[in-house]
Amino acid sequence: MPPLLKMIGKRLLSALVLLWGVTVVTFLLVNVVPGDAAAANLSQQAYDDPEIRAAFEAKWGLDQPIWVQYVRYLGNILQGDLGTSQQTHRPVAEDLGQYVPATIEIALPAMALAIVIAVGLGMLAAMRKNRPTDTGIRSAALVGLSTPPFWLALVALYVFFYLLGWVPNGGRLSNIYDPPPAVTGMYTVDAAIAGQWDVFGDALWHLVLPVGILTALTVSGLLRFVRSAMIEVLDAEYIRSAIAKGLPRRIITWRHVFRAGLLPVLTVSGLMLASLLGGAVLVEQVLSWPGLGQYAYKSAISLDLQAILGVTLFIAVVYTLINLLVDVLYSVIDPRIGAK
Amino acid sequence: MTILPSDRVAVSRASRFRRDRLRVGGSLGTGSFWRPLTVVSLGIIVLWCLLAAFAPWVAPYDPLETVGDNLQPPSGAHWMGTDDLGRDVLSRLIWGSRLSLPLAVAIVACSLLVGGIVGLAAGYFGKAVDNVAMRLADLVLAFPQIILAMAVAAAFGPSVGNAVLALVIVSWPLYARIIRSSVLSVREQEYVVAGRMLGLPTLRSIVKDVIPNSAGPALVMSTIELGNAILMLAALSFLGLGPRPPAAEWGAMIALGSQNLGNWWVSLFPGLAILTIVMAFNLLGDAIQDHLDPRSRNARTR
Amino acid sequence: MTTAADPLLSIEGLSVTMPTPSGPVELVHRTDIEIGEGEIVGLAGESGSGKTMTASAIMGILPPGARAGGRIMFEGRDLLSLSRAELDTVRGNRIAIVFQDPSAALHPLLTIGTQLTEHLIHHKGVTKKQANARAVELLDLVRIRDPHHAVKAFPHQFSGGMRQRAAIAIALACEPRLLIADEPTTALDVTVQAGILRLFDRLARETGVSMLFITHDLGVMNSIADRTYVFKDGTVVESGVTTTILNEPSHEYTKALIASRAQSLAEERVQQEARP
Ligand SMILES: Nc1ncnc2c1ncn2[C@@H]1O[C@H](COP(=O)(O)OP(=O)(O)OP(=O)(O)O)[C@@H](O)[C@H]1O
Ligand SMILES: [Mg+2]
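Predicted model only: the values in this text are computed from it and were never measured.

**Quick notes on the packing of aromatic side chains**
All names here are of chain B. Taken as a whole, this structure holds 12 aromatic pairs over all chains when the rule is applied. Centre to centre, the rings of Trp48 and Trp250 are 5.2 Å apart; their planes meet at 65 degrees, and the pair counts as edge-to-face. Residue Trp48 is located in helix α2 (residues 36-53), and its partner Trp250 is located in helix α9 (residues 250-257); the two are separated by 202 residues in the primary sequence. An identical accessibility class is assigned to Trp48 and Trp250; each is buried. A network of ring pairs unites the aromatic residues Trp264, Trp265 and Phe269 as a single cluster.

Below, the structure written as structure tokens:
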């Protein structure tokens, strides 16, 4: 078998084992711990009535042995059934279908923008190492890294909505518009598909703040890696070779430095996704963005067992798969790996 | 939250240390350690510690009592204004440090302890123990930190203790990895130096060698993680999963102000408090890192 | 052995200063070196004597912070006084360098073909197609087998000796008038060193390129250089025709270098004989 395929197979296998572990962890976590789902979801009066409580527990399978609950859950997951939310009384998978696109709509552009900006600024900082430009960029990143994301969102909302009125007060769409016919669940995309350009514009306008904040947070996280990766490359002898060849700065920067520095950045970007999704939980909370973060938060505080399991599992799956993808991509881009 | 991958990197950064550079203690008094930024960040940390220690004497009012009109903007009587219950924001902010700082220390200390024991066991026994321990660490790291912490804190019920527990659960693997790799390198060294071919070295000698060996990376990591712990704790309280109201906790205070943007002072100051102390820990961590491993200065980005 | 009236390169009073935590240090001082048209000049000296610094000063690739004084005259211009843009028309084009360690000097993510042609296209304004044809020619010139295949390869797919051959091909791409070789065999396996030396010798004869050949191995110098400069602690202590220097060294340091060379040769022989 070609070494590349073998490596991908190996990674895939360990990712699968990891994901299986994830289901065990999330499941055990929410079952073995003292939190009482019945207490969280029933009124005090209903909770005190043993019959109602028993009925509640029977309905959600809470009276079964743990491992029976787990096996059943695992079986269901494999069929795409993540159970039913006690909060929304809808299948969790259906809830996810509604909330996930909202998060993708902010997370994806933020990730893309962040990589572009971080690579640009990181290269600039590396090339101006220890000069004012570098110091400025690094200080900004330090502030970004030390700021609570939810507070940054609040400050941004205060400045850009409350004081300046440039952006809306959270949400995905102004009241005067109805959501476009659902295709992808992402309002901008759906509006464009339906040709509703006023809705598209409004949805885009609502994206500005959440995407901007998530981008800023992600850039601060990425920047240090980009900078140090680029500095390492700039110090490399093959860059001295390129300079000694009399190549123009443009070619050295983009063909020689950029290319070599991008590889480590790629790996970190995969890891950075975790921080982005985590940041999204907090930012969505402030900006009333009805995405995965809000759903996770709401189900967590009401001990909505199935929903928590669903969200956590979903995020862990996405995270693991993306990092698997990054690994594979890395080995495809780096000619040195496949050959070994 | 933003801090996440930096943990992972702290691991890799920390494990990049050369063995001979690891010994801490010794020479903080000399060399490039005392640069202006280091002094400033240490100053900020000391200041917050003092404020926390002397809060009852420093804070102008009782943090939990209504001491003025509701939602007064900053004034001579209330430098940072009052919140929706007429409590003095400045006093709550000062008292807030009494929660955040000790809790952050507790989180880091417990994570270090748990991670240290697991890492030691993994490196010492190797084989199956190592495998299980490291897969377990991978497992925890397969979740975005704040989301797992949120699930844990929610599952155990919102309280100070459970928030700390949740944050320890999500951060021990970082330390476990450092300690493990340190044990492995010590064992390799002993193997080479003492020509010890067979059997396990005594646990005692491992511990004796591992502690000075891993002290450097663990110290850098712990310093940065102190800031991280403060951020995560604030995030959990912001979501209502930290200390119960009416406790004066920075994250919860920010949440209180988020309900009405007009009352900016309720949220602004606690956020600045978090920002300053976390930034100070980050700067200090970098300074220590630089000092222990000057070669990494180029790689330093913060 | 011909020192033309007007040398191709003449280094006059070169000094290189590096800032260090304990003040600036002069690593190269008052160095004069001349290289004539078609001449192969050796630069010998122990490790750390400043040979690489001298070569870097010529190419304008001194480490950040380093400052060079004096003059480096090449084709009527002082390289030290040129702007970066002006220097870029000279280096890679009229002067090229081969570094010590080809594994580090070649870009790991660019094909040999790209690295062979990019400066050719830039300096000579040839088309991509012409450049590719030339690349194949060059690889053939440095005796890399199957050049059509090799242009598409990445450096890691080559052996150490092949990498150095590729690096030499890259240096020769624009038909420079001066080739600087900074210990081009030191990082290589002993078994391939001789081949690379022979390659340099042949290339000098076939292409007529002048060469500044840096090494700490006087034996190597003997086989390749017309004239030799002996370098110590950042300055020239002895210079002249290579054979004269080797046979009648006048400076103590040169004698010591020769002695250490003889000793290491003897050691090598003993080791070889010890082997079954
Ligand atoms: N970046 C630097 N900063 C400060 N000093 C340096 C730096 N690089 C090299 N040096 C010093 O400059 C001196 C000359 O170095 P150089 O590399 O020119 O020696 P060399 O003759 O090429 O030796 P070798 O045979 O080992 O290649 C050495 O003493 C070295 O310590
Ligand atoms: Mg050298």
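**Brief notes about the UniProt feature "transmembrane region" (unreviewed entry) in chain A**
Residues and elements named next belong to chain A. Here the UniProt feature "transmembrane region" (unreviewed entry) sits at residues 106-127, 139-164, 203-223, 257-283 and 303-326. Span residues 203-223 is 100% helix and 0% strand, its end C-alpha atoms 29 Å apart. Here residues 257-283 is 100% helix and 0% strand, with 35 Å between the C-alpha atoms at its ends.

**Overview of the environment of Gly279 of chain A**
Residues and elements named next belong to chain A. Examined against the element boundaries, Gly279 turns out to sit in helix α12 (residues 249-286). The class for Gly279 is buried, based on a relative accessible area of 3%. Counting along the chain gives 131 residues from Gly279 to Pro148, while the straight-line C-alpha distance between them is 9.2 Å.

**Some details on the pattern of salt bridges**
Residue and element names in this part refer to chain C. If you walk through the whole model with that rule in mind, you get 29 salt bridges over all chains. Arg177 is the partner of Glu75 in a salt bridge, and the nearest nitrogen-oxygen pair spans 2.8 Å. In this pair, Glu75 sits in the loop between β4 (67-74) and β5 (77-78) while Arg177 sits in the loop between α7 (160-172) and β7 (178-182), placing the two residues 102 residues apart along the sequence. The class for Glu75 is partly exposed, based on a relative accessible area of 33%. Look at the salt bridges and you will find they share partners, linking Glu37, Glu75, Arg94 and Arg177 into a network.

**Quick look at the confidence of the model for chain C**
Residues at a pLDDT of 70 or more form 93% of chain C, whose mean pLDDT is 87. Both scores are given for the predicted complex: the pTM is 0.83, the ipTM 0.88.

**Remarks on the interface of chain A and chain B**
Counting from both sides, the interface comprises 59 residues of chain A and, opposite them, 51 residues of chain B. Each partner contributes to the roughly 4900 Å² buried at the junction of chain A and chain B, and carbon and sulfur atoms together form 78% of this total. For chain A, the biggest contributors to the area lost against chain B are Phe150, Trp151 and Arg224 of chain A; these three give 15% of the whole. Between the two partners, chain A and chain B, sit 1 salt bridge. A salt bridge links Asp286 of chain B to Arg224 of chain A, with the nearest nitrogen and oxygen atoms 3.7 Å apart. Seen at the junction of chain A and chain B, the total is 4 residue pairs in polar contact (both at pLDDT 80 or more). For the side of chain A that touches chain B, the secondary structure elements donating two or more residues are α1 (3-32), α7 (132-146), α8 (149-163), α10 (197-235), α12, α13 (292-301) and α14 (305-333) of chain A.

**Comments concerning unusual backbone geometry**
Although it is not a glycine, Lys127 of chain B sits at a positive phi angle of roughly 45 degrees. Residue Lys127 of chain B is classed as exposed on the basis of its relative accessible area of 73%. The phi torsion at Asp233 of chain C lies on the positive side, around 45 degrees, for a residue other than glycine. For Asp233 of chain C, the position within the fold is in the loop between β9 (227-232) and β10 (235-241).

**Digging into the pairing of β7 of chain C**
Residues and elements named next belong to chain C. In terms of burial, β7 is largely enclosed, as 5 of its 5 residues are buried. Residues Leu178, Ile180 and Asp182 point to one face of β7 and Leu179 and Ala181 to the other, with burial holding for every one of them. Pairing between strand β6 (residues 95-98) and β7: 4 bridges, direction parallel. Bridge assignment links Ile95 to a residue of β7, and that residue is Leu178. Each parallel crossover has a hand, and the one from β7 via helix α8 (residues 190-207) to strand β8 (residues 210-215) is right-handed.

**So, the domain arrangement of chain A**
Segmentation of chain A into domains returns domain 1 (3-78) and domain 2 (92-338). Placing the centre of domain 1 of chain A and that of domain 2 of chain A at their C-alpha centroids yields a distance of 31 Å.

**Points about the sheet that holds β6 of chain C**
Residues and elements named next belong to chain C. Read across the sheet, 6 strands follow the order β6-β7-β8-β3-β9-β10 without closing on themselves; strand pairing throughout is mixed. Single-partner strands in this sheet number two, and they are β6 and β10. Ignoring strand direction, the axes of neighbouring strands in this sheet form an average angle of 15 degrees. Contacts from helix α1 (residues 51-59) reach β3 (40-45), β6, β7, β8 and β9, with the element oriented near 145 degrees to β6. Here α7 sits on the sheet and contacts β6 and β7; the angle it forms with β6, its principal contact strand, is near 170 degrees.

**Details of the site of ligand 1**
All names here are of chain C. Residues in contact with ligand 1, as listed here, are Met18, Leu27, Glu46, Ser47, Gly48, Ser49, Gly50, Lys51, Thr52, Met53, Pro63 and Glu183. Note that an oxygen atom of ligand 1 is positioned 3.0 Å from one of the backbone N or O atoms of Gly50. Here an oxygen atom of ligand 1 sits 2.9 Å away from a polar atom, N or O, in the main chain of Lys51. A per-element tally of the shell around ligand 1 places α1 first, with 3 residues. Residue classes in the shell around ligand 1 are distributed as 4 nonpolar, 5 polar and 3 charged.

**Topic: the interface of chain C and chain A**
On the chain A side, the residues contacting the 26 residues of chain C number 22 residues. For the pair chain C and chain A, the summed buried area comes to about 2200 Å², and 62% of that belongs to carbon and sulfur atoms. It is Arg84, Leu109 and Glu118 of chain C that lose the most area in chain C upon contact with chain A, and together they represent 27% of the buried surface on that side. Summed over the shared surface of chain C and chain A, the number is 2 salt bridges. Of the charged contacts in the structure, one is a salt bridge between Lys245 of chain A and Glu118 of chain C, with a shortest N-O distance of 2.8 Å. On the surface where chain C and chain A come into contact, there are 10 residue pairs in polar contact (both at pLDDT 80 or more).

**With respect to the domain arrangement of chain C**
All names here are of chain C. Domain assignment breaks chain C into domain 1 (33-63 + 181-276) and domain 2 (107-176). Measuring from the centre of the C-alpha atoms in domain 1 to the corresponding centre in domain 2 gives 26 Å. Taken as a group, Leu199, Arg202 and Leu203 account for 41% of the area that domain 1 buries against domain 2, more than any other trio of residues on that side. Counting every contact that joins domain 1 to domain 2 gives 0 salt bridges. At the boundary of domain 1 and domain 2, one finds 2 residue pairs in polar contact (both at pLDDT 80 or more). Looking at side-chain class alone, the side of domain 1 that touches domain 2 contains 8 nonpolar, 1 polar and 2 charged residues.

**Observations regarding the UniProt feature "domain: ABC transporter" (unreviewed entry) in chain C**
Per the UniProt entry, the sites bearing "domain: ABC transporter" (unreviewed entry) are residues 9-258 of chain C in this numbering. Regarding residues 9-258 of chain C, the helix share stands at 41% and the strand share at 28%, and the terminal C-alpha atoms are separated by 27 Å.

**Section: the packing of helix α4 (residues 112-124) of chain C against α7 of chain C**
Describing two packed helices takes the angle between their axes plus the distance from one axis to the other. Residues and elements named next belong to chain C. Viewed as axis vectors pointing N to C, α4 and α7 meet at an angle of 20 degrees, and their least axial separation amounts to 8 Å. Here α7 runs roughly parallel to α4, going by the angle between their axes. Once α4 is placed against α7, the crossing between them reads as right-handed. Note on element contacts: α7 touches α4 through Ala166, Ala169 and Ile170, opposite Ile112, Gln115, Leu116 and His119.

**Focus on the nonpolar core**
Counting residues in each nonpolar core, the largest one holds 159 residues, and the members touching the most others are Phe150 of chain A together with Ile230, Trp250 and Ile277 of chain B. At 16 residues, α12 of chain A tops the list of elements feeding residues into this core. For this core, the two domains that each supply at least three residues are domain 1 (3-78) and domain 2 (92-338) of chain A. What Trp250 of chain B contacts, discounting residues up to four positions off in sequence, is Trp48, Leu93, Gly96, Ser97, Ser100, Ile230, Pro270, Ala273, Ile274 and Ile277 of chain B.

**Thoughts on the side chain of Thr103 of chain A**
Counting through the fold element by element, Thr103 of chain A comes out in helix α6 (residues 92-127). Residues within four places of Thr103 of chain A in sequence aside, it is in contact with Leu277, Glu284, Trp289, Gly291, Leu292 and Gly293 of chain A.

Conventions used here
Residues numbered from 1 in each chain as written. Chains lettered and ligands numbered in written order. Predicted model: local features only at pLDDT ≥ 70, side-chain atom pairs only at ≥ 80, totals over all residues. Heavy atoms only, no water. Phe/Tyr/Trp six-rings, centres within 6.5 Å; stacked < 30°, edge-to-face > 60°. Helix = DSSP H or I, 4+ residues; strand = E, 2+ residues; numbered from the N terminus. Buried < 20%, exposed > 50% of the residue type's maximum accessible area, 1.4 Å probe, protein only. UniProt positions renumbered as here; feature names shortened; annotations may be inferred. Salt bridge = Lys/Arg side-chain N within 4 Å of Asp/Glu carboxyl O. pLDDT = per-residue confidence, 0-100. Contact = heavy atoms within 4.5 Å. Buried area = accessible area lost by both parts, 1.4 Å probe. Polar contact = N/O pair within 3.5 Å; in protein donor to acceptor, adjacent residues only side chain to side chain. Pairing = 2+ DSSP bridges. Right-handed = clockwise from strand over helix to strand, strands pointing away. Domains from an automatic or database assignment. Axes fitted to C-alpha atoms, helices over the stretch in contact; angles between N-to-C directions. Near = heavy atom within 4 Å. Nonpolar A, V, L, I, M, F, W, Y, C, P; charged D, E, K, R; others polar. Parallel < 35°, antiparallel > 145°, perpendicular 65-115°, else oblique. Left-handed = near helix turned anticlockwise from the far one by under 90°. Core = buried A, V, L, I, M, F, W, Y, C linked by side-chain atoms within 4.5 Å.

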